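Take a look at the letters that make up each chain.
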Amino acid sequence: MRRAAEQRGFMLHISATFGFSAASGSTDDPRPRVITQKLPGDVARRLYAARDAGALQAEQEALLAEALREHYFKDGGRRAAGLDVELNDIAWMDIEL
């Protein structure tokens, strides 16, 4: 399963509260969201490497927040330039390989 995730990526289903910071004039109020997003193999590789190195849950959540920022919120750089995302209060999460 690990090899498949690292090669083909994985589907992340998550319900959590996300905090945001962006250009002035935008809100940074935390917002609950339910997100389903396909994440590429490089995200799986970073998560597995962090886990193997003994990363704490908070460090792994920061990696997921970074991945969601780039692939969901910023759509691969097509929108939301300058946006930063924090992942807080995960209600549930499911990973589909």
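Look above for the structure.
Below: a short report on this structure. (Residues numbered from 1 in each chain as written. Predicted model: local features only at pLDDT ≥ 70, side-chain atom pairs only at ≥ 80, totals over all residues. Heavy atoms only, no water.)

1. Re the packing of helix H2 (residues 41-52) against helix H3 (residues 57-73)
What describes two packed helices is the angle between their axes and the distance between those same axes.
At step 1: At a minimum axis distance of 10 Å, the contact between H2 and H3 shows a crossing angle of 170°. Classed by the angle they form, the pair H2 and H3 counts as roughly antiparallel. Where H2 abuts H3, its residues Val43, Arg46, Leu47, Ala50 and Arg51 lie against Gln60, Leu63, Leu64, Glu66, Ala67 and His71.
At step 2: The class makeup of the residues in the contact of H2 with H3 is six nonpolar, two polar and three charged. (Axes fitted to C-alpha atoms, helices over the stretch in contact; angles between N-to-C directions. Helix = DSSP H or I, 4+ residues; strand = E, 2+ residues; numbered from the N terminus. Parallel < 35°, antiparallel > 145°, perpendicular 65-115°, else oblique. Contact = heavy atoms within 4.5 Å. Nonpolar A, V, L, I, M, F, W, Y, C, P; charged D, E, K, R; others polar.)

2. A closer look at the pattern of salt bridges
At step 1: As enumerated under the stated definition, the model contains nine salt bridges in all.
At step 2: Residue Arg2 pairs with Glu6 through a salt bridge whose shortest N-O separation is 3.1 Å. Linking Arg2 with Glu6, this pair stays in helix H1 (residues 2-8), spanning four residues, or about one helical turn.
At step 3: Here Arg2 falls in the partly exposed class, since its relative accessible area comes to 32%.
At step 4: On the accessibility criterion, Glu6 (18% relative accessible area) is buried.
At step 5: Arg51 is the salt-bridge partner of Asp52, the closest N and O atoms lying 3.2 Å from each other.
At step 6: A relative accessible area of 48% places Asp52 in the partly exposed class.
At step 7: Overall, Arg51 belongs to the partly exposed group, its relative accessible area being 45%. (Salt bridge = Lys/Arg side-chain N within 4 Å of Asp/Glu carboxyl O. Buried < 20%, exposed > 50% of the residue type's maximum accessible area, 1.4 Å probe, protein only.)

3. Points about the sheet that holds strand E1 (residues 10-21)
At step 1: Spatial strand order, E2-E1-E3: three strands in an open sheet with antiparallel pairing. With partners counted over all chains shown, the strands left at the sheet margins are strand E2 (31-39) and strand E3 (84-96), one partner each. For this sheet, the mean angle separating the axes of adjacent strands, direction not counted, is 30°.
At step 2: By the bridge criterion, nine bridges tie E1 to E2 in an arrangement that is antiparallel. Its bridge partner lying in E2, Ser15 is registered against Val34.
At step 3: Here H3 sits on the sheet in contact with E1, E2 and E3, set at roughly 80° to E2. (Pairing = 2+ DSSP bridges.)

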